[in-house]
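Residues per chain, in single letters:
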Amino acid sequence: MPNKAHLYRLKNLGLPAIESIEGFADKTRISLEKIKYISYRSGHLYKVYEIPKINGKKRRIAQPNRELKAVQSWILRNILDKLSTSEHCKGFETGTSILDNAVPHVDSNYVLTVDLEDFFQSVKASSVYRIFNSIGYNKQVSSILTNICTSDGGLPQGAPTSPKLANLACAKLDSRVHGYAGQKGIVYTRYADDITLSAQTPKKIYNAKQFIGTIISDEGFAINKAKTRISGTRSQKKITGLILSENRAGIGRNKYREIRCKIHYLFVGKNKDYSHVNGLLSFTYSVDKKAYKKLYSYIKMLKNTYSDSKAGDLLVAEITKIPA
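Residues numbered from 1 in each chain as written. Predicted model: local features only at pLDDT ≥ 70, side-chain atom pairs only at ≥ 80, totals over all residues. Heavy atoms only, no water.

Some thoughts on the sheet that holds strand β10 (residues 248-250)
If you trace the three strands from one edge of the open sheet to the other, you get β8-β9-β10, paired in antiparallel fashion. Bordering the open sheet on either side are β8 (237-239) and β10, each of which pairs with just one other strand. Strand-to-strand twist across the sheet, computed as the mean angle between neighbouring axes with direction ignored, equals 35 degrees. (Pairing = 2+ DSSP bridges. Helix = DSSP H or I, 4+ residues; strand = E, 2+ residues; numbered from the N terminus. Axes fitted to C-alpha atoms, helices over the stretch in contact; angles between N-to-C directions.)

Quick look at the structure:
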């Protein structure tokens, strides 16, 4: 494709028209020497550490230094955030949440949840290069952008660009899984590395489990078998932390009771972690308005009951900042 066609495609998408490393330095307002250094030495500009996972394994985090993160953030704002992802992608996208991921499955009798192992690192640098090249950037610019956004041959978990790039890299995966699921009346959504399929009959779900395993493998990902689960009519259906019940998705009975208990402890002096409880209330408000309203009423009741408690004023003063 001629250079003019490349530039026309970029402008048509509302993306910065960059043809060289000099042009990239000019657009980012960073010196050419610094851009060259960041691009060619990006793999050495991360602080790498591990954090424990619930299953006892460790998660590798690669945190970019201040300069590298600033350039990655520029790429995210000016390029990646202007690109559309699959309609089935419900995570790491503006205006989407775990609630958006759970709601499509509310009326289903059977739910299959699949976790992709080492999600970010499974997205290879070659896939990232194809993303930049396919939208109109030439070989040199695509290589520079890829160098800045990848580490050790894949997406680093910790870089601001990784979630969006992972979603873009999963476009074909989403298309193939939905292509199979949609024609069989199976609902499909993906929240980052969490894949969910739901249907009315167990046969559809068990067949889907076998079939999508092949698609996932073909697309370069691996299934975490320990976190793969099928929930039926007699078991609790849990999707990205939310519980499906009574034709709705929400925090569930156990989580509600846990938060209610922590609120009570604040009033009787057994707990003083107001920020933690307020965080739980904010989360509840974002995903379960019904439960939030019940907790709000409970707090007002406790304030009247324990009128001499400081918790009444401290907690209520904070919760009123959250819309009821």
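Moving on from the coordinates now.
Let's talk about the UniProt feature "domain: Reverse transcriptase" (unreviewed entry) in the chain
Within this structure's numbering, the places UniProt gives as "domain: Reverse transcriptase" (unreviewed entry) are residues 32-244. The distance separating the terminal C-alpha atoms of residues 32-244 is 53 Å; by composition the span is 42% helix and 21% strand. (UniProt positions renumbered as here; feature names shortened; annotations may be inferred.)

Points about the domain arrangement of the chain
Interface size, as often reported, equals the accessible area lost upon joining of the parts. What the domain assignment lists for the chain is domain 1 (4-231) and domain 2 (251-314). Using only C-alpha atoms to locate each centre, domain 1 and domain 2 end up separated by 36 Å. (Domains from an automatic or database assignment.)

What about the packing of aromatic side chains?
Two aromatic rings, taken as a pair, are described by how far apart their centres are and by the angle between their planes. Here the structure, examined in full by the defined rule, presents nine aromatic pairs. Measuring from ring centre to ring centre gives 5.7 Å for Phe24 and Trp74, while their planes differ by 85 degrees; the resulting arrangement is edge-to-face. One end of the pair, Phe24, is in helix α2 (residues 21-28); the other, Trp74, is in helix α4 (residues 66-78), and 50 residues separate them in sequence. Assigned by exposure class, Phe24 and Trp74 land together as buried. Aromatic side chains Tyr285 and Tyr292 sit 5.0 Å apart centroid to centroid with 70 degrees between the ring planes, which places their arrangement in the edge-to-face category. (Phe/Tyr/Trp six-rings, centres within 6.5 Å; stacked < 30°, edge-to-face > 60°. Buried < 20%, exposed > 50% of the residue type's maximum accessible area, 1.4 Å probe, protein only.)

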